[in-house]
Amino acid sequence: MSSSHDKPVDPNQVVLWSDDYEGHDVISTRTFGFWMYILSDGMLFATLFAAYGVLSYSHSYYTGPTPAQFVAPWYTFIQTMALFLSVLAYGFSMASLKTGSKAGVINGIMASMVLGIVFVGLDIHDVLRMISIGVTPEVSGGLSAFYALTQVHAAHIFVGLIWMLVMLYQILRKGFTEDVVGRLISLRMFWQFQAVMWVFIYVFVYLWGYMS
Amino acid sequence: MSHGHSNPIEHPEVQMASRGSYLTGFIIASLLMLAATILVSGQVLAPFPLLLTIMGCAGLAAIAQIYFLLHIDISEHNIWNTVALVMFIPLFVITIGLTWWMFSQLYLRTMPMIPGMPGMH
């Protein structure tokens, strides 16, 4: 046995528990909970990637157009940069939160929103271009899977933009309360995770589709 | 998990934000995506090495973003986020991989070659 057990325990002096309640750590608990949600969202993307994987054989497109005929890699690369810059701007906004700078946080979120709107605008423009040349979801199973995966991601970006608008209002209205700060951290993880998913969509759907 | 801060700004989850780390993640991911785009649009490599290269670019870009942006590391405050992600990755890979494998075997055995239909790949 260890030497600490050699000393007799004085029941009047031993400390068994803390005198005061340290408080429930709301931000850590909520952040971990929201991280669980984000990973579930990742499983949603896994099912859509799996659907695209099994529906991107050449017979999946039958005689219709394949991604090699309608994907424009450099156009989608500009979309990629808009999203990455938006995520960077949100990160800088969160770095301003460290000093409690309201102006820094608001400017960062507004820059992030503008770049996010650029991403969604480019996506809508791309979809309209594809529809105009007859590339629509009902043409083939392959195109249905392509649209489902890419547009579910675009819908996440749209929801993120709405959330940013709500957070701008809450920062102005309530300031940096525990609730507002917790939500800003959840939104940071949500926004950054969309960039991680976009890496896979860009490389495995757009680039791989273009080269095959 | 308890920190006992009354001011939410002082919470470690807020204080771990870092401009340098976010900028590093952005630069690494952007350069890798640029490299993948140049390689694919230029068609300088044979298809299979090209596929392996862009897969590598995607993997490294995702790791850079997860480490530098999402703060997934083994520090005391973040360890459970990291554990959850480590548990998540096999589910993600198995969901996509097994589905793809099942259907590729099914197509191999059931798809007849119809005249005029594009071939199996």
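This one's a predicted model, so the numbers in the text were calculated from it and none came from an experiment.

**Student:** Can you help me understand the overall build of chain B in this one?
**Tutor:** On a plain count of helices and strands, chain B comes out with four helices and zero strands. Along its sequence from the N terminus, chain B presents helices and strands in the succession α-α-α-α. When burial is assessed residue by residue, chain B has 36% of its 121 residues classed as buried. A separation threshold of at least 6 residues defines the contact pool for chain B, and within that pool the share at least 24 residues apart is 49%. Per element, the accessible surface of chain B, about 6900 Å² overall, is 75% carbon and sulfur.

**Student:** What's the story with the interface of chain B and chain A in this structure? I'm lost.
**Tutor:** The parts lose accessible area when they come together, and the size of an interface is often stated as this lost area. Taken together, the contact between chain B and chain A spans 61 residues of the former and 61 residues of the latter. Around 5600 Å² of area is buried between chain B and chain A when both sides are counted, 75% of it from carbon and sulfur atoms. A salt bridge links B:Glu13 to A:Arg188; the shortest N-O distance between them is 4.0 Å. For the side of chain B that touches chain A, the secondary structure elements donating two or more residues are helix 1 (12-15), helix 2 (19-42), helix 3 (47-68) and helix 4 (79-110) of chain B. Tallying contributions element by element places helix 4 of chain B first for the side of chain B that touches chain A, with 14 residues. Within the side of chain B that touches chain A, the residues separate by chemical class into 40 nonpolar, 19 polar and two charged.

**Student:** I would appreciate a short explanation of the pattern of salt bridges in the present structure.
**Tutor:** Where side chains of opposite charge bring their charged atoms close, a pairing between them can arise. All names here are of chain A. Applying the stated criterion to the full structure yields three salt bridges over all chains. Residue Arg30 pairs with Asp179 through a salt bridge whose shortest N-O separation is 2.8 Å. On the criterion of sequence distance, the pair formed by Arg30 in helix 1 (residues 26-54) and Asp179 in helix 6 (residues 178-211) is long-range, its members being 149 residues apart. By relative accessible area, which is 31% here, Asp179 ends up partly exposed.

**Student:** Would you explain a nonpolar patch on the surface in this entry?
**Tutor:** A contiguous nonpolar patch, built from A:Trp74, B:Leu23, B:Ile27, B:Leu31, B:Leu34 and B:Ile38 and spanning about 520 Å² of accessible area, is present on the exposed surface. Looking at the nonpolar patch element by element, the count peaks at five residues for helix 2 of chain B. Positionally, B:Ile38 belongs in helix 2.

About the cut-offs
- Residues numbered from 1 in each chain as written.
- Chains lettered and ligands numbered in written order.
- Predicted model: local features only at pLDDT ≥ 70, side-chain atom pairs only at ≥ 80, totals over all residues.
- Heavy atoms only, no water.
- Helix = DSSP H or I, 4+ residues; strand = E, 2+ residues; numbered from the N terminus.
- Buried < 20%, exposed > 50% of the residue type's maximum accessible area, 1.4 Å probe, protein only.
- Contact = heavy atoms within 4.5 Å.
- Areas by Shrake-Rupley, 256 points an atom, 1.4 Å probe, with all protein chains shown as cover.
- Buried area = accessible area lost by both parts, 1.4 Å probe.
- Salt bridge = Lys/Arg side-chain N within 4 Å of Asp/Glu carboxyl O.
- Nonpolar A, V, L, I, M, F, W, Y, C, P; charged D, E, K, R; others polar.
- Patch = residues over 30% accessible without salt bridge, like charges linked within 9 Å, V, L, I, M, F, W, Y side chains within 5 Å.

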